[in-house]
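# Coordinates in review
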Amino acid sequence: MSGTPQKSNRSLASLNALLSGMELPESGPWAQAARADALTRLNVVGLPARRDEYWLFSRPDTLIQPEPVTAPLFKDADDAAVFSDIDQLQLVFNDGVFDADASDDLALAGVEISRLADVSAGDNHWATGLYGVLETNGQSPVSRPLAILNTAFAPDGILIRVTGKAGRPIGLKYNQVSENSDAMLHHVVQVEAGATLTLLENGGGAARLNTVLEVDVADGAAFNHVRAQGRNHERRAATHIFARLGAESVFKSFTLTANGALTRNECVVDVLGDNAIAHIAGAAVGDGDFHHDDTVFITHDSLNCESRQVFKKVLRNGATGVFQGKILVKPGAQKTDGYQKSQALLLDGDSQFLAKPELEIYADDVACSHGSTSGAIDDGALFYLQSRGVPLGLAQDLMVLAFMADALQEIEDEDIAEDIRSHLEAWLVRRRD
Amino acid sequence: MLNIKGLKVKLEDEDKVILKGLDLDVPAGAVHAIMGPNGSGKSTLSYVLSGRAGYEVTGGSATLDGIDLLDMAPEDRAAAGLFLAFQYPVEIPGVGNMTFLRTAVNSQRKARGEEEMSATEFLKTIRAKAKTLKINADMLKRPVNVGFSGGEKKRNEILQMAMLEPKMCILDETDSGLDVDAMKLVSEGVNALRDEGRSFLVITHYQRLLDHIKPDVVHILANGRIVKTGGPELALEVENNGYADILAEVS
Ligand SMILES: Nc1ncnc2c1ncn2[C@@H]1O[C@H](COP(=O)(O)OP(=O)(O)OP(=O)(O)O)[C@@H](O)[C@H]1O
Ligand SMILES: [Mg+2]
């Protein structure tokens, strides 16, 4: 990976093809400079290509081709949607277009909420200091062109400034309404000193979805993020989270991915203040045409901080899981406690897990570890369960849920964790032989 | 209750024959013990009866109350009333002991067309049974057998047996790893379950256990067959003289 990749003619051609006919959207004038800058940056780095080391395990083609691959709408059967029992302020997007009628008012105690698409916002928006800024910081040492593309072109997104303890979670619901939809959303969250927010995201959102979430967690603030990426088997998504952590702050992000032809979730966290905590976790379950990529980059640049990555993938019928996770400990970031775990449970011989865990450490007094494993369900344990009368299918599900348990433990709120767990269980039950 | 006729078993992946025509009848309400040298096939017999993969039955039959065990899935054998207390209980990280037991109890009930046990009834029952086996609340909460000592694992097996109330209980070296007090606890647990309608097959190397769980019949298993059957005095003979005399006598 390098900071200034040499662009080939091919890469330039694919960028031109993608950008032809695209115009920078009209949004709050305060964001226009960041958009123009992003477009310039994009023209320098180009789009991701198969030969890029950062895209070795996941093909970017369908994420960058001009038209998205068609994704027939998913008939969301009769089971309750994720988070439907969680009290929240809900904001709804259909194919990336805000649905004011379906959404709650943008009013919540302790929080200021506005929209990126709101052209009436003046030049002086608080988000100017963050929009495209955290994303730009996250472009080094590895470039993330799909996020740059998003900064330039995302027509809408939610801008959230949290000044106190948010009265309830904010939930973003992404519906897909047409089978060729191509959506981009860019959210900015500023959790001010001592404030707290829980942000939920739910749904596939479009045939192709590109999201960026920039989060600034100030000193002593806490940000909890739980996301479920929808059940459409055909949808494709590229998501980026860029987080900046102040002293004594807490950042927690958990993602449930069940189905989806292609998912690339990148999470870039800069731990800048002392005694901060960053936990990033994910549970992914894939059956068949499923390619799921977690790409994480955590930079420690302060004292006595903790970061944990816990990623679990359950794969069957040729599903593929990818994990690229890096912990970078800068000189002087002493007493860093960095932990990285990525594990796959392969339910058959056709599925595969590709992992590239990395530690790069320039401080001497740190404790960092990583572990990456892939394996099958333990036959001995299965037989033990069966010998007690537990039917094979149920026994397997128990083992799979047990395997994912420590990722789910990373979810702060018990009710939300239980909600996620029950959806995972339902996914498994639907596949019982 | 349990009727085994001419049972022949080999390993699936190897040409190793382990059981070579084994006959055994355990009537309802009886306690039978099996003793025998290491490697003679005792655990294999218990695994084959409970349906573990990796073995191939090449001859003979095994029935529980007249139904053919060998054709059934392991969970169906359990629901039919067969229980094996493992020589080496298995650890299952991530699955809580309580969840495990409740799932097991209710799976069996469901399979038999009985009503499931409610959460409250289950809690009440398991607390009472755990107490008599000196299994504390913490052990119930922990993942199945994870971090349990050898003796704790064996006690946990007996707790499972007590909760599942099987009619045919096979205990494979449940005494190994138990201290003197635990041996008494476990034996009391077993004796409390003794009943006209329930049978036990107790596999052990030592007379000690049989002082507590008094067998009606003792079998000697050697080289894949029951080579001698007698009363409790047979266990004493083994304790005092080992297997040499018995093996010489039958060969
Ligand atoms: N899966 C297996 N793979 C290879 N050999 C096996 C397997 N299972 C059993 N055996 C062999 O079969 C023979 C009988 O084993 P088994 O465990 O039934 O003996 P046992 O009578 O229970 O002995 P112990 O008193 O030591 O518990 C032994 O020689 C053992 O090594
Ligand atoms: Mg044995």
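Look above for the structure.
Residues numbered from 1 in each chain as written. Chains lettered and ligands numbered in written order. Predicted model: local features only at pLDDT ≥ 70, side-chain atom pairs only at ≥ 80, totals over all residues. Heavy atoms only, no water.

### Considering the site of ligand 1
Residues and elements named next belong to chain B. Quick reminder of the rule: Proximity is defined per residue: any heavy atom of the residue falling within 4 Å of a molecule or strand makes that residue near it. Whenever a nitrogen or oxygen atom comes within 3.5 Å of another N or O atom, the pair is scored as a polar contact, on the condition that within protein one atom can donate a hydrogen and the other can accept it, and that pairs from neighbouring residues in sequence are kept only if both atoms are in side chains. Exposure was quantified through the Shrake-Rupley algorithm and a 1.4 Å probe, taking into account, for residues, occlusion by the shown protein chains and nothing else. Put simply, Ala, Val, Leu, Ile, Met, Phe, Trp, Tyr, Cys and Pro go in the nonpolar bin, Asp, Glu, Lys and Arg in the charged bin, and everything else, Gly too, in the polar bin.
Of all residues adjacent to ligand 1, which total 16 residues, the nearest are Gly-39, Lys-42, Ser-43, Thr-44 and His-205. Contact distances for ligand 1 include 3.2 Å between an oxygen atom and a side-chain N or O atom of Gln-87. When ligand 1 is considered free in solution it has 640 Å² of accessible area, and contact with the protein chains removes 65% of it. Residue classes in the shell around ligand 1 are distributed as four nonpolar, eight polar and four charged.

### Quick word on unusual backbone geometry
All names here are of chain A. Counted only if it meets this: Counting from the N terminus, the helices are DSSP H or I runs at least four residues long and the strands are E runs at least two residues long. Only protein chains enter the area calculation, which uses a 1.4 Å probe; residues under 20% of their type maximum are buried, those over 50% are exposed, and those in between are partly exposed.
In this model, Ser-140 is joined to Pro-141 through a cis peptide bond whose omega is 5°. Structurally, the position occupied by Pro-141 is in the loop between helix H4 (133-137) and helix H5 (145-153). Unlike most non-glycine residues, Lys-335 shows phi in positive territory, near 60°. By the element assignment, Lys-335 lies in the loop between strand S17 (320-329) and strand S18 (337-346). Taking the relative accessible area as the measure of exposure, Lys-335 reaches 48% and is therefore partly exposed.

### With respect to the coordination of the magnesium ion (ligand 2)
Residues and elements named next belong to chain B. Put simply, the rule is: Each metal's donors comprise the N, O and S atoms found within 2.8 Å of it (within 3.2 Å for Na, K or Ca). Water is not part of the atom list, so some coordination spheres may appear incomplete.
The protein atoms that coordinate the magnesium ion (ligand 2) are Ser-43 (OG) and Gln-87 (OE1), at distances of 2.0 to 2.2 Å. Residue Ser-43 is found in helix H1 (residues 42-50), and its partner Gln-87 is found in the loop between strand S6 (82-85) and strand S7 (92-96); the two are separated by 44 residues along the sequence. For Gln-87, a relative accessible area of 14% puts it in the buried group.

### Considering helix H7 (residues 392-408) of chain A
All names here are of chain A. Applied cut-off: In a helix, the anticipated span is given by 1.5 Å times the number of residues less one. Two axes enter the definition of the bend at a residue: one is fitted to the seven residues ending there, the other to the seven starting there, and the bend is the angle between them.
Between its terminal C-alpha atoms H7 stretches 24 Å, which fits the 24 Å expected from 17 residues at 1.5 Å a residue. Within H7, the axis deviates most sharply at Ala-402, by approximately 30°. Among the 17 residues of H7, 12 are classified as buried, and the element is accordingly described as predominantly covered. Looking only at H7, the buried set comprises Gly-393, Ala-395, Asp-397, Leu-398, Met-399, Val-400, Leu-401, Ala-402, Phe-403, Met-404, Ala-407 and Leu-408.

### Observations concerning the interface of chain A and chain B
As a reminder, the rule being used: For this analysis, residues touch if any pair of their heavy atoms sits within 4.5 Å. Note: buried area is the sum, over both parts, of the accessible area (probe 1.4 Å) each one loses when the two are combined. Within this document, salt bridges are pairs made up of a side-chain nitrogen of Lys or Arg and a carboxyl oxygen of Asp or Glu, the two lying within 4 Å of each other.
Opposite the 16 residues of chain A that make contact, chain B presents 29 residues. Buried surface at the junction of chain A and chain B, summed over both partners, amounts to about 1700 Å²; 71% is from carbon and sulfur atoms. When residues of chain A are sorted by the area they lose upon contact with chain B, A:Phe383, A:Tyr384 and A:Arg388 head the list and together hold 47% of the total. For the interface between chain A and chain B, the tally reads one salt bridge. Between B:Glu157 and A:Arg388 there is a salt bridge; the shortest N-O distance is 2.6 Å. The interface formed by chain A and chain B contains nine residue pairs in polar contact (both at pLDDT 80 or more). Mapped onto the side of chain A that touches chain B, the elements with two or more residues apiece are helix H6 (379-387) and H7 of chain A. Ranked by residues supplied to the side of chain A that touches chain B, first place goes to H6(A) with seven residues.

### Looking at the nonpolar core
Which entries qualify depends on this criterion: Nine residue types can take part in a nonpolar core, namely buried Ala, Val, Leu, Ile, Met, Phe, Trp, Tyr and Cys, and a core is a set of them joined through side-chain atoms within 4.5 Å.
Grouped together as the largest cluster of nonpolar side chains are 118 residues, with contacts concentrated most on A:Phe254, A:Met404, A:Ile420 and B:Leu45. The greatest single-element share of this core, amounting to 10 residues, is contributed by H7(A). Residues contacting A:Met404, with those up to four places away along its chain left out, are A:Ala283, A:Val285, A:Lys312, A:Val314 and A:Leu424. Of all hydrophobic cores here, the second largest spans 51 residues; its members include A:Val111, A:Leu209, A:Ile280 and A:Phe311.

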